[in-house]
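# Coordinates in review
Now for the letters of each chain:
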Amino acid sequence: MAAEDEIRLRERLSKLRSLPLLRGARISGELSKLQRQLDRIGAPLDEDEIWRSVKLARHEERPYALDYIDRICDDFVEIHGDRARADDLALVAGLARFEGRTVIVIGQQKGRDIAERTRRNFGMAYPEGYRKAMRAMTLAERHGFPLLTFVDTPGAYPGVAAEQHGQGGAIAASQAIMARLSVPIVSTIIGEGGSGGAIAIALADRVLMQENALYSVISPEGCAAILWRDANEAPKAAAALRPDARHCLELGVIDGIVEEPPGGAHTDHEASARLLARALSAALGDLEGIPGDQLRRRRRERFRRIGVFTEALTPSAAPS
């Protein structure tokens, strides 16, 4: 898979280099981005590096959704409540201005201290949170605003109350709405991208991932507990899952990696925000002007391709 990815990226590089430079084109930036991705694919990662990314994704000083929204957006106006039951503080949503354009922003928020983490349920949303996100998505569609989402959650809250309130249905409905939107959607995994809680707000035209984020169907600890009945085997599980950005790019789960400052995003929030804003601007620029029905078709095709594979027939299994 890595070899095929490298070939595909090199073909894109070759095509871009052959294009004449046009005023306002982002060719040079795209060339640089593809070259960086090639460099990442070419450099092998060992188990320790994968586990290091897992720990950095969970670093308590890492920027959260509101840290980025405050730095890259202007005039953020948060909306509250799901218009049915409650306001889930694990998920924030609202309108904002990004580089002069009105956008809808949605993000999971973990909280800095114990009091805020408890109030925000460590970024694990109840169904009410996803219904609030759907309110924001409907606003985006009604007014033609691009949608930016920031994913950072261990997963949707797995408690009994959440299941009683329709957790699975809310996650599915959120994905269904995103699949139908006719506005550009850019999602970024900024920390932990865990299971259905992450994909509920990440069914996008462009899925980006910060350099030290993780994106997986299950946490390494959860995987280790199932396979080895020992959560202490989490580093081994992480090596098998490969939830880091480099491997997610190889697998085609994401479209690009957003660089972080040396040492990780937690070392410099301002620099991290600038790098993220640059990546979001480029992604929105790529999607600008594409008709809504085409966006929907491409988005659905993109996610249907994930996980599809073929097996080569052995001589004994080949049809006669």
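Use the structure listed above.
Residues numbered from 1 in each chain as written. Predicted model: local features only at pLDDT ≥ 70, side-chain atom pairs only at ≥ 80, totals over all residues. Heavy atoms only, no water.

### Overview of the overall build of the chain
For the chain, the count of helices and strands is 14 helices and eight strands. Taking all contacts inside the chain whose residues are at least 6 apart in sequence as the whole, residues at least 24 apart take part in 71%. Entry remark: accessible area of the chain is about 15,600 Å², with carbon and sulfur atoms responsible for 52%. (Helix = DSSP H or I, 4+ residues; strand = E, 2+ residues; numbered from the N terminus. Contact = heavy atoms within 4.5 Å. Areas by Shrake-Rupley, 256 points an atom, 1.4 Å probe, with all protein chains shown as cover.)

### Digging into the packing of helix α6 (residues 127-143) against helix α8 (residues 167-180)
Packing of α6 against α8 leaves a shortest axis separation of 9 Å and a crossing angle of 15°. Judged on the interaxial angle alone, α8 and α6 are roughly parallel. The handedness of the crossing between α6 and α8 is left-handed. Judged by residue contacts, Pro127, Tyr130, Met134, Met137 and Glu141 of α6 engage Gln167, Ala170, Ile171, Ala173, Ser174, Ile177, Met178 and Arg180 from α8. Grouping the amino acids of the contact of α6 with α8 by side-chain chemistry returns nine nonpolar, two polar and two charged. (Axes fitted to C-alpha atoms, helices over the stretch in contact; angles between N-to-C directions. Parallel < 35°, antiparallel > 145°, perpendicular 65-115°, else oblique. Left-handed = near helix turned anticlockwise from the far one by under 90°. Nonpolar A, V, L, I, M, F, W, Y, C, P; charged D, E, K, R; others polar.)

### A word on a nonpolar patch on the surface
A contiguous nonpolar patch, built from Ile226, Leu227 and Trp228 and spanning about 330 Å² of accessible area, is present on the exposed surface. Relative to the helices and strands, Ile226 is located in helix α10 (residues 220-227). The exposed category is assigned to Ile226, whose relative accessible area is 61%. (Patch = residues over 30% accessible without salt bridge, like charges linked within 9 Å, V, L, I, M, F, W, Y side chains within 5 Å. Salt bridge = Lys/Arg side-chain N within 4 Å of Asp/Glu carboxyl O. Buried < 20%, exposed > 50% of the residue type's maximum accessible area, 1.4 Å probe, protein only.)

### Re the pairing of strand β6 (residues 206-210)
Each regular strand shows side chains that alternate between the opposite faces of the sheet. β6 sits mainly inside the fold: four of its five residues count as buried. Pairing analysis gives four bridges linking strand β5 (residues 185-194) to β6, with the strands arranged parallel. Bridge pairing in β6 links Ile189 to Met209. With three bridges connecting them, β6 and strand β8 (residues 256-258) associate as parallel partners. By the bridge assignment for β8, Met209 is matched with Ile257. (Pairing = 2+ DSSP bridges.)

### A few points about the packing of aromatic side chains
As enumerated under the stated definition, the model contains zero aromatic pairs in all. In this structure, Arg112 packs its charged tip against the face of Tyr64, placed 4.0 Å from the ring centre. Lys236 extends its terminal NZ or CZ atom over the ring of Trp228, reaching a point 4.7 Å from the ring centre. (Phe/Tyr/Trp six-rings, centres within 6.5 Å; stacked < 30°, edge-to-face > 60°. Lys NZ or Arg CZ within 6 Å of the ring centre and 35° of its normal.)

### Section: the side chain of Ser187
Within the element layout of this structure, Ser187 appears in strand β5. Leaving out residues up to four positions away in the same chain, Ser187 has contacts with Thr149, Met178, Ile201, Ala202, Ala204, Arg206, Val207 and Leu208.

### A short note on unusual backbone geometry
Phi at Asp75 is positive, roughly 55°, even though this residue is not glycine. By secondary structure assignment, the location of Asp75 is in strand β1 (residues 74-79). Accessibility expressed as a relative area gives 61% for Asp75, which makes it exposed. Positive phi values are uncommon outside glycine, yet Arg83 reaches one of about 65°. Of note, Arg83 is situated in the loop between β1 and β2 (91-98).

### What about helix α14 (residues 292-305)?
End to end, α14 covers 20 Å across 14 residues, agreeing with the expected 20 Å (1.5 Å per residue, within 8%). Of the residues making up α14, those classed as buried are Gly292, Leu295, Arg299, Arg302 and Phe303. Down the axis of α14, the smallest arc covering the buried residues is 90°, so these residues share one side. Of the residues in α14, the exposed ones pointing more than 90 degrees away from the buried face are Arg304 and Arg305. Buried-residue contacts for α14 involve α8, β5, α9 (195-199), β6 and α13 (269-287). Looking at the residues trailing α14, positive phi occurs at Gly307, about 85°. (Expected span 1.5 Å × (residues − 1). Arc of directions from axis to C-beta.)

### Observations regarding the pattern of salt bridges
Summed over all chains, the structure comprises 16 salt bridges. With its nearest N and O atoms 3.2 Å apart, the salt bridge here joins Asp152 to Lys110. Here the residue Asp152 occupies a position in strand β4 (residues 147-153), and Lys110 occupies one in the loop between β3 (101-108) and α5 (114-119), the gap between them amounting to 42 residues. The exposure classification of Asp152 matches that of Lys110, with both residues buried. It is possible to trace a salt-bridge network through shared partners that takes in Arg58, Lys110, Asp152, Glu192 and Glu221.

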